[in-house]
Structures are given as structure tokens and as C-alpha cells.
Amino acid sequence: MHDEAVTHLDDQILQLTEGHGFLYETFGVRPRFSWHVDPFGASATTPTLFALAGFDAHLTSRVDYDLKDAMQEAQGLQFVWRGSPSLAAQREIFTHVMDQFSYCTPSHVPFSNRSGFYWNGVAVFPEPPPDGVYPNMSEPVTPANIDLYAQALVANVKQRATWFRTPHVLWPWGCDKQFFNASVQFANMDPLLDHINSHAAQLGVMVEYATLGDYFRALHEFNATWGVRDHHDFLPYASEQLQAWTGFYTSRSALKGLARQTSALLYAGESMFTRYMWPAPRGTLDPAWALQQLQQLRWAVSEVQHHDAITGTESPKVNDMYVQHLAVGSLGVHKLMASIAEDRAQHAALRSSSGLSCLGFPFGESPTSVGGSGQQGKPVLCVGTRPAGHLASVYNPLAWTVTTIVSLTVSFPGVSVTDELGHAVPAQVQNSTKVPSAYDLLILVTIPGLSYRHYSIRPTTGTQAAAAEASTVRFGRRLRHASREHRRLVPVANDCYTVLLDPDTNLLHSVQERQSNRTVHMAQEFLEYHANGDTKQGPISDNYLFSPSKVAVPAWEAVELEIVAGKLVTEIRQHFYRDAMAQAYTYAIHSRLAHVYQGGGAELLCYRVEQEYRVGPLELNREAILRTSSDLDSRQVLYSDNNGYQMQRRPYREYVNNTIARNYYPMVQSAFIEDSRSRLVLLSERAHGISSQGGGQVEVMLHRRLWNNLAWDLNYNLTLNDTSIVHPVLWLLLGPRAITAALRPQSALALQHRPVVLLRELAREGSPAWGPAPKPPTTWQQAAVTLPPNLHLQILSIPGWNYSSSHQEHMQGLRTGHRGRAQADLRRVLLRLHHLYEAGEDPVLSQPATVSLEAVLRGLGSVEAVEERSLTGTWDVHAMERWSWRTDPGPRTGRPTSPSRPPGGSTITVYPKEIRTFFIHFRQH
């Protein structure tokens with residue numbers, strides 16, 4: 001069960017795809033029903049994905065306690081859920097919400113002081129008790145108590161029956177870590193069920209063992225008319241008045257960041273390997289080894305999507321296991337990508353030495369990041385040496401041409417950057433914020449979709465053209481309560497924004513958005529919620545829960561400001577000190593504006609303020625937030641995303657208790673506030689908790705460090721004493737609704753999938769170490785893969801499954817013991833396309849997108865056949881027949897069901913919010 005609140009859509013699909021592929025390839029099984037009882041709240045993305053995967057019905061459990069009470073009273077725990085407003089009835093799924101007893105058997109029976117119905121007791125790890133007696137074992141069923149057991153079970157069934165509309169009641173038997181000794185359980189269950197059924201006339205209940213499919217089949221055959229739930233989710237989740245499960249939106253921020261970084265690395269590696277293999281491999285790379293590296297990271301990224309993994313609700317030891325699996329998987333994919341990049345560089349005729357250069361990651365949180373256009377995880381060239389230079393192979397994993405800035409760290413300030421033809425490339429050098437005595441090298445790149453550019457980076461001497469050096473202006477330390485001198489505001493401008501800073505406070509003052517010529521007053525600061533750690537004093541915060549004792553308070557007393565101005569980029573660096581006299585800062589904001597024109601494909605780069613934060617180490621029982629306050633008349637309405645797929649409207653609500661925490665929501669990739677004129681968008685590269693606690697305000701929880709004396713937390717080491725320093729990144733977009741609505745989905749993907757930078761030393765070959773780069777006579781480059789701006793290449797990979805596309809043929813092979821080919825199938829290519837926009841969101845980009853796959857994929861060869869598949873690939877969509885459920889008549893939303901598409905065509909149309917999956921077969925030469 002992947003988490004539903006803080007996981008990204010792409011990673012949910014990966015996890016489902018890997019699991020379904022394994023089950024189908026190994027057993028010929030294709031799941032039809034979902035059991036999602038434990039994620040802490042339910043996302044509206046889930047019904048859409050599960051419908052696309054071929055599921056007939058869905059079961060969930062954890063929804064807000066007061067909402068569940070209301071649903072029980074109204075017999076509304078079962079409904080047809082239409083999760084997407086654009087897809088509506090096309091991707092609906094029947095949904096069953098577990099009642100107040102959740103997914104466990106009732107633990108209390110009136111005739112015993114032991115638990116009821118748990119005859120195998122509580123599991124003991126790692127070794128079982130020598131005498132076989134486990135803690136809290138229920139009284140065995142005997143002739144003396146079997147009537148009492150039967151009466152207790154039947155009473156509970158009848159209580160539950162009042163909350164549902166059909167005579168069929170789902171009664172889950174077990175709970176967490178149960179049935180570890182199944183023979184003991186069934187030895188008591190069998191006679192109890194027999195007893196009830198032999199007295200069915202008196203008891204009024206018949207009981208039978210059933211699978212989830214048996215239960216849903218009975219409901220479907222009952223043919224009732226069901227209510228419809230629209231695209232709203234079940235977030236946040238509170239289990240009772242003072243227990244809001246909104247802390248896990250931020251818990252273990254470093255793991256959340258690493259999970260997304262490695263997912264992005266895998267995404268790039270998949271398409272890079274596919275491009276290497278088609279139309280024909282050019283090099284000595286072993287495809288079987290390559291696929292093994294990808295498979296290892298696929299499973300590590302899938303594993304960390306678990307609802308007690310990326311959520312941060314695991315113990316430190318388990319967290320370390322996830323990190324290790326991700327690191328090992330990433331290392332393998334790094335090696336694969338370096339091998340492919342070396343091969344590509346040789347075809348580009350650039351001289352370089354063999355092997356990957358010294359590639360370090362001295363900052364950020366992840367040992368696995370390979371860099372990109374953000375300010376974190378930059379590759380670092382070998383410091384302390386003066387080599388002939390380095391070759392940077394930069395790969396764009398998105399299927400659009402991208403103009404952005406990639407960042408590296410170099411050991412010398414005088415540096416020239418040239419492209420494959422020896423032409424100078426716009427670049428800037430500035431003092432590094434992370435590595436003492438080193439420099440940040442910023443390079444402006446424009447790279448077509450799924451393509452490479454190769455850059456020579458060399459030390460310069462004499463009059464050679466060098467990257468422009470930035471200049472730095474420092475402002476003195478300002479106290480939080482200092483008197484104002486009303487000095488002139490300091491502007492930092494590019495073609496899209498003017499950011500105004502107040503030198504009296506060293507804080508952000510306002511932002512002018514040039515398209516509408518509107519100036520929005522805006523301030524940013526760090527605050528902390530103080531958490532209670534003593535259960536005797538009141539509610540506590542832990543890995544799961546957020547229970548602030550009062551409103552957040554400022555976490556700083558002084559701030560320093562410096563502006564690093566250059567021709568390519570201007571960077572605003574603010575350092576926040578917990579104490580006015582402190583030497584080290586606890587918090588920082590590094591903001592960046594790129595000096596590029598709006599035209600020429602650089603709109604996305606111009607129209608964002610990139611911010612990287614430094615947070616920590618925190619003091620104990622502190623929950624750190626970044627609060628951005630503006631004069632937007634937002635009416636305290638926030639919009640945040642479900643899993644990077646769709647947005648949810650989040651109006652502020654007052655509660656009797658715990659109002660602050662219950663107004664926190666997950667932000668997986670984006671959020672915004674707006675008024676009638678402007679929208680302020682936040683884009684994120686990891687999940688956070690987010691809230692609007694005041695008009696024009698949005699606060700993002702960035703980090704948590706907690707300890708409490710709750711016995712349950714102590715027993716499982718779930719106190720979240722996280723002493724790490726984290727470096728999350730947000731991009732801010734400000735502008736009219738029409739502009740920001742168009743830019744948001746593409747910008748979010750530009751942040752998630754920044755270009756990958758791979759470095760190698762340039763060979764000297766007897767030439768001067770810093771001579772001009774050689775000009776190659778020819779440059780070999782595959783044709784770019786380019787999609788319309790409203791279509792996202794969700795995956796392009798070689799999954800390696802060896803099952804036949806024909807279900808009949810595959811099943812026959814399993815029955816005869818021949819599971820298809822013994823080796824992985826390297827010929828089948830998995831392609832998935834995702835329409836990024838809602839219907840009506842943009843007059844142009846919300847239109848259906850029609851593309852010729854043959855034309856888009858021409859760089860990989862000639863398309864021989866196209867098979868449309870279910871989301872996870874195991875079904876031919878033309879053979880997949882999902883159950884239909886009768887629903888209340890009402891207004892129909894979304895587009896009408898599209899006409900059946902003839903199989904095998906290479907020209908396809910993708911409608912708003914559709915996700916379509918294909919197997920592509922290329923002609924072999």
C-alpha cells in the first residue's frame with residue numbers, strides 16, 4: 001500500500017507497474033480489487049489510477065473521524081468515486097470505506113478480560129517465545145464459551161449492517177501483524193463459523209470465508225443504485241479531535257527529498273537507456289547489466305513509496321535501510337548513465353579521457369544526486385588540481401526543448417565554457433556557498449527533448465574569453481526589532497520580475513510582475529511551532545501527528561543579506577540567526593533570478609524565482625515553517641495538489657480543537673493562493689505540509705525535530721529526533737491566472753526533472769592544458785523526441801518483461817512451464833503519455849493533443865506496431881472489461897466517452913488529464 005498523501009503520481013504508477021508486472025509474469029494474475037486500508041487519508045488521484053489499472057472496486061479506511069461518523073449515519077460508506085473532474089465517469093471506481101472499526105476485528109469481548117478473536121496473540125520478533133505462548137492471546141473457543149463468542153461476533157455484524165445498504169457485510173478478521181500463526185487462528189475460527197451457521201435461524205446471520213473479490217462480486221450482483229462522489233479527496237485525516245495526522249506531510253524531509261531525487265534519476269536513466277538501444281546500440285554496453293541496474297533502482301524507488309516509508313513514520317533503522325537501498329540503486333544507474341554519456345561524447349568527437357571523473361557531492365542531502373539546474377546537488381569538479389579541463393555531458397530527460405541553467409562547482413575562477421563546435425557558451429562564476437575556496441559555475445543551456453549537449457570546461461589564461469564573474473554586495477546584520485531608517489528599496493530585476501528588498505530589515509519587501517505591472521507586497525520569514533513532549537501536559541506531535549501548543553513564533557533574531565549580481569544570474573542570499581550574536585546561522589534563503597528574455601523558449605526560466613533553503617539543525621520539539629505573507633486578497637483559500645496530478649481547493653475551516661493542524665494539507669508538487677488579479681504559485685521538489693493560516697498567507701513546513709514520552713512512540717522509536725540539516729527547494733511564480741495556469745504544470749516538471757550533468761576529464765593529448773576545444777568535423781546526434789507542451793512523456797523505458805502481449809499465449813506458457821523467453825525482452829518499449837491540463841484550464845493547452853507516435857519516435861527507429869495497454873501494462877485495453885455500477889442520475893461532467901479506438905494505430909489523441917500507456921515495437925534491422 002503506497003502512501004496517498006505525499007507520494008508523486010509517477011512513483012505510484014511505478015510501484016503499481018513493477019508489482020503488477022511481477023505478478024503477471026510469474027503467476028498470470030492481474031489484480032482487480034484494491035485494499036488500501038492503512039494510508040493516512042485518501043487522495044482523489046487513487047480512483048483514477050486504479051481504474052486505469054483495470055480495478056473493478058476499491059477499498060479504503062482512514063478518513064476523518066467526524067466525516068466517517070456522518071457517512072455511517074447516512075449509509076454513505078459505499079459510493080462510486082469519480083476522482084478526476086476532467087475524466088469523470090470515464091475513470092470512476094466503486095469505493096468501500098471501512099466503518100469505525102477500520103480494518104481490524106473488534107479487540108474487546110464482554111465475557112473476557114483478554115482481547116477477542118486474536119487467538120495467536122501479539123507477534124514477538126525476531127524469535128518466537130520458547131513455550132509458544134504469545135502476549136495477549138484470546139481465550140480459545142470451547143463448548144463452554146462458543147455461544148458467547150458467537151453472540152459477540154453477531155452483535156458486531158448487526159451493528160455494522162445498519163451502516164450499509166445491502167445485506168452483505170464485510171467483516172475483516174485480523175489486524176496489524178496478525179495471522180503469523182494461522183493454524184491457531186483457524187483452529188478457533190472454523191468451529192465458531194460452523195456454530196453460527198448451524199444457528200442461523202436464531203441468530204439471523206450467515207457467515208462465510210471470502211476474498212475481497214467475493215464480497216465486491218456480491219455487491220455488484222445486488223445491482224443497487226449508488227451515490228456518486230466527485231473529485232474531492234479525504235485529506236487531511238484526523239482519527240479524533242486532538243489527533244490530526246498532518247505531521248507526516250513533512251517528517252523526515254531528507255528522505256522525502258532523496259526519494260524524489262532518485263525517482264528523477266531513474267526517469268532520466270530509463271529514457272537514456274532506451275535511446276541507447278534504439279535504433280541500434282552504439283557501443284560495448286551489456287544490455288542485461290544495464291537492465292539490472294535500472295531494475296534495482298525501480299524496486300528501491302517503489303519500496304520507499306510505502307505508507308510507512310516516504311511518510312517518515314518508520315524507525316531510524318528502517319529509514320537507514322530505505323536510504324541504503326536508494327543509494328545502491330542510484331550508484332548503479334549513475335554507472336550506466338556515465339557509460340552511455342561517454343559513448344555519446346565519443347560520437348560527438350570530443351576528446352576526453354576514459355572513465356568518469358572525480359564526481360563529488362559535498363552539499364545537499366543526497367549522495368546520489370547528479371545535479372541539474374537547481375542550486376542543490378551540483379556536481380563538483382576535482383578540487384585542488386588543474387586538469388586540462390572537463391567535459392560536461394548534459395542530458396535533458398523531458399520531451400520538450402529546455403532552456404535552463406545548470407550549476408557545477410569548480411576549483412578555479414577563470415574558466416571558459418564551449419560547446420561541441422567550440423563556440424563560447426554564456427556562463428557565470430561566483431563564490432560557492434557550499435564549498436570553501438571553490439566557485440559555482442552557472443551555464444546557460446538549451447537542449448532538445450531526450451537529447452544531450454556536451455560542454456568543454458577549461459581553465460583560462462591571458463586574454464581568453466572567460467565566464468563572467470559575479471560581483472557581491474553585502475549588507476550589515478539587521479536585528480528583527482531594529483528601528484527603521486527608511487532607506488531606498490534595493491531592486492533585483494530580470495525580464496519578468498523586479499524583486500524589491502528592504503535594506504532596513506534585509507527582508508523581501510515586494511515583487512513587481514511586469515506582465516501585468518502589478519506590485520505585490522510580499523515578506524518571507526522562518527517561524528517555529530513549539531511542540532509538547534509530555535503526554536501529561538497535553539497532546540503531542542510525533543512522526544504522524546501535528547499538535548502545536550500555540551501559534552508559530554519567529555525563529556530568528558537577526559538576518560544578513562548579500563546580493564551576488566552577474567550577467568546571467570543574480571542571487572539573493574539571506575542568512576537568519578537564532579541569536580543576534582551567533583556566529584552560525586540556522587536558516588537561509590538563496591533566491592535566484594535568471595537574466596534571460598521571455599522569448600526564445602526561455603519563458604519558464606524567466607518566469608520563476610528559484611529558492612533554496614537551509615534549515616537546521618533544529619532545537620528539540622520544534623517544527624519549522626517558511627511563511628510567505630502577501631497583500632493578495634486570497635480569502636484564506638489555499639489550493640494544493642493531489643500527487644502532482646490535480647489541484648484541490650482548501651478553504652480555511654474553524655474547528656473546536658486543533659484548528660491549526662487540521663488546516664494543514666500535503667503539497668507534493670505545487671500549491672497556490674490567488675485573488676482576482678494574480679496568483680502566487682509554489683512548486684516543490686519534495687513533499688511538505690502546507691497551510692494558509694491567514695489571508696494572503698501561505699506557510700510551508702520544512703523540517704521537524706521531536707521527542708515525546710508516549711509509550712507507543714518510545715516502544716517503536718518513533719519520536720523523530722531528527723538532527724539533520726535539510727536543503728529543500730521551492731520555485732515561486734507570480735502573475736495573472738492565465739499565465740501562471742499555463743506555466744505551472746510545465747514548470748513543475750522542469751523542477752522535478754532537471755537536466756542530468758555527467759563529468760569527465762578532458763585528455764591533454766600533448767596539447768596545452770587550457771588550449772581551445774577541438775572542433776569536430778561532424779556531430780552525431782539522434783533526432784530529438786518532442787511532444788506538444790501540454791503532453792508529458794511520463795515514461796519511455798525498456799521494462800524487460802518476458803511475457804507475451806497475448807494473454808492466452810502467456811497463460812498457456814505458464815501452464816506448460818514455459819514462461820516465455822528465458823531472458824529479458826529488450827525489444828518491447830513502454831511508452832506512457834500524460835495530458836497535463838484540466839478541461840477548461842487554458843484555452844489552448846486544455847485542448848486534446850493529437851500526435852503521430854511514428855513521427856515523435858523517429859529518432860528511435862521505424863515504428864512497426866503500437867499496442868495500447870492498461871496503466872500497468874498487463875491488459876490489452878481493448879480486452880479489459882471493467883464492471884459498471886448503476887449510479888444516481890445527475891448532471892454529467894467531463895467529456896463524453898470517446899469512441900472506441902482501432903488498435904494498432906500510431907496517431908493518437910490524448911484528452912485533458914488522460915494517461916495512456918502503450919507498448920511500442922520498432923522494426924529491427
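Each value, and the rule that gives it
- Residues numbered from 1 in each chain as written.
- Predicted model: local features only at pLDDT ≥ 70, side-chain atom pairs only at ≥ 80, totals over all residues.
- Heavy atoms only, no water.
- UniProt positions renumbered as here; feature names shortened; annotations may be inferred.
- Helix = DSSP H or I, 4+ residues; strand = E, 2+ residues; numbered from the N terminus.
- Rg over C-alpha atoms; globule rule 2.2 N^0.38 Å.
- Buried < 20%, exposed > 50% of the residue type's maximum accessible area, 1.4 Å probe, protein only.
- Contact = heavy atoms within 4.5 Å.
- Areas by Shrake-Rupley, 256 points an atom, 1.4 Å probe, with all protein chains shown as cover.
- Lys, Arg positive; Asp, Glu negative; His and termini not counted.
- Charge placed at Lys NZ, Arg CZ, Asp CG, Glu CD.
- Phe/Tyr/Trp six-rings, centres within 6.5 Å; stacked < 30°, edge-to-face > 60°.
- pLDDT = per-residue confidence, 0-100.
- Salt bridge = Lys/Arg side-chain N within 4 Å of Asp/Glu carboxyl O.
- Expected span 1.5 Å × (residues − 1).
- Pairing = 2+ DSSP bridges.
- Axes fitted to C-alpha atoms, helices over the stretch in contact; angles between N-to-C directions.
- Disulfide = S-S within 2.5 Å.
- Patch = residues over 30% accessible without salt bridge, like charges linked within 9 Å, V, L, I, M, F, W, Y side chains within 5 Å.

Under the annotation held in an unreviewed UniProt entry, the chain carries the name Alpha-mannosidase and is attributed to Heterocephalus glaber. Listed under Sequence similarities (unreviewed entry) in UniProt, the entry text for the chain is "Belongs to the glycosyl hydrolase 38 family." You can read under Subcellular location (unreviewed entry) in the UniProt record for the chain the words "Secreted".

A. Layout of the overall build of the chain. Helix and strand counts for the chain come out as 16 helices and 40 strands. In summary, the chain has a C-alpha radius of gyration of 29 Å against a globular reference of 29 Å for 925 residues, a match within 12%. Overall, the chain is about 100 × 75 × 60 Å in size when its C-alpha atoms are taken along their principal axes. By the burial criterion, 61% of the 925 residues in the chain qualify as buried. Look at the contacts in the chain between residues 6 or more apart in sequence, and 76% of them connect residues 24 or more apart. Here the chain displays about 34,800 Å² of accessible surface, and carbon together with sulfur accounts for 53% of that area. If you average the places of the 79 positive and of the 84 negative side-chain charges in the chain, the two averages end up 5 Å apart.

B. Focus on the packing of aromatic side chains. This model, assessed by the stated rule, comprises 47 aromatic pairs. Summarising the aromatic geometry, the rings of Phe40 and Trp245 are spaced 5.1 Å apart at their centres and angled 45° between planes, so their arrangement reads as tilted. Highlighted residues: Phe40 in the loop between strand E1 (33-36) and helix H2 (45-52) and Trp245 in the loop between strand E7 (243-244) and helix H8 (253-277), separated in sequence by 205 residues. Each member of the pair, Phe40 as well as Trp245, carries the same accessibility label: buried. Ring geometry for Trp119 versus Trp173: centroids 6.0 Å apart, planes at 40°, classification tilted. Of this pair, Trp119 sits in the loop between strand E4 (92-97) and helix H4 (146-161) while Trp173 sits in the loop between H4 and helix H5 (182-198), placing them 54 residues apart in sequence. Since its relative accessible area comes to 2%, Trp119 is described here as buried. Through a chain of ring-to-ring contacts, the aromatic side chains of Phe40, Tyr237, Trp245, Phe248, Tyr249, Tyr544, Trp712 and Tyr716 assemble into a single cluster.

C. Representation of the confidence of the model for the chain. Of the residues in the chain, 91% have a pLDDT of 70 or more, and the chain-wide mean is 91. Residue range residues 349-376 is modelled with pLDDT below 50. Its contacts to residues more than four positions away, or to other chains, number 121 contacts. A low-confidence stretch, residues 765-779 (pLDDT under 50), is modelled with 35 contacts involving residues beyond four sequence positions or located in other chains.

D. Main features of the pattern of salt bridges. Inspection of every chain in the model, using the stated rule, returns 37 salt bridges. For Glu562, the salt bridge goes to Arg474, with nearest N and O atoms at 3.3 Å. Highlighted residues: Glu562 in strand E21 (residues 558-565) and Arg474 in strand E15 (residues 471-479), separated in sequence by 88 residues. Relative accessible area serves as the criterion here: at 14%, Glu562 is assigned to the buried category. Where Glu560 meets Arg477, a salt bridge forms, and the shortest distance between an N and an O atom there is 3.0 Å.

E. Spotlight on H5. Helix length check: H5 (17 residues) gives 24 Å between terminal C-alpha atoms against 24 Å at 1.5 Å per residue, within 8%. Taken as a whole, H5 has its buried residues at Gln185, Asn188, Met189, Leu192, Leu193, His195 and Ile196. Where the residues of H5 are buried, they touch H4 and helix H6 (200-203).

F. Representation of the sheet that holds strand E3 (residues 78-82) in the model. Pairing within the open sheet is mixed, and its 5 strands lie in the order E1-E2-E4-E3-E5. Bordering the open sheet on either side are E1 and strand E5 (228-229), each of which pairs with just one other strand. Pairing of E3 with E4 involves 5 bridges; the strand directions are antiparallel. Paired with Val80 across the strands is Phe94, a residue of E4. The strands touched by helix H7 (residues 212-222) within the sheet are E1, strand E2 (57-60), E3 and E4, with E1 carrying the most contacts at an inclination of about 115°.

G. Inspection of the state of the cysteines at higher detail. Across all of its chains, the model carries 2 disulfides by this definition. Paired through a disulfide, Cys104 and Cys175 show a sulfur-sulfur distance of 1.9 Å. Disulfide Cys104-Cys175: torsion about the S-S bond near 55°, hence right-handed. Of this pair, Cys104 sits in the loop between E4 and H4 while Cys175 sits in the loop between H4 and H5, placing them 71 residues apart in sequence. When its relative accessible area of 15% is taken as the criterion, Cys104 is described as buried. What links to what in the chain: the bonded cysteines, counted in sequence order, pair as 1-2, 3-4.

H. View of a nonpolar patch on the surface. Taken together, the side chains of Phe22, Phe27, Val29 and Trp299 make up a nonpolar region of the molecular surface, amounting to roughly 420 Å² of accessible area. By the secondary structure assignment, Val29 is in the loop between helix H1 (9-27) and E1. Residue classification places Val29 among the partly exposed positions, given a relative accessible area of 42%.

I. Molecular detail of unusual backbone geometry. Omega for the bond connecting Trp278 with Pro279 falls within 30 degrees of zero, at 5°, which places this linkage in the cis form. Considering the arrangement of structural elements, one finds Pro279 in the loop between H8 and helix H9 (287-303). A cis amide bond links Gly616 to the next residue, Pro617, at an omega of -5°. With respect to the helices and strands, Pro617 occurs in the loop between strand E24 (609-615) and strand E25 (622-630). You will see that Asn223, though not glycine, has its phi angle at about 60°, which is positive. Tracing the chain through its elements places Asn223 in the loop between H7 and E5. What makes Asn223 partly exposed here is its relative accessible area of 41%. Even without glycine at this site, Asn643 takes up a positive phi of about 60°.

J. Representation of the sheet that holds strand E27 (residues 646-651). Pairing in this open sheet of 10 strands is antiparallel, and the strands run E15-E21-E22-E23-E24-E33-E30-E29-E26-E27 from one edge to the other. Because the sheet does not close on itself, it has two edges, and the strands there are E15 and E27. Neighbour-to-neighbour, the strand axes of the sheet open up by a mean angle of 20°, direction not taken into account. Two strands pair when backbone bridges link them, and strand E29 (residues 670-674) and strand E30 (residues 679-684) are joined in this way by 5 bridges, in the antiparallel orientation. Of the residues in E30, the one forming a bridge with Phe672 is Val681.

K. Main features of H2. Within H2, 8 of the 8 residues are buried, leaving the element largely enclosed by the surrounding structure. At the C-terminal side of H2, Gly54 shows a positive phi close to 100°.

L. Representation of the side chain of Thr570. Relative to the helices and strands, Thr570 is located in strand E22 (residues 569-577). Since its relative accessible area comes to 6%, Thr570 is described here as buried. Sequence-distant contacts of Thr570, that is, excluding residues within four places in its chain, are made with Val492, Ile563, Val564, Ala565, Ser591, Arg592, Leu593 and His595.

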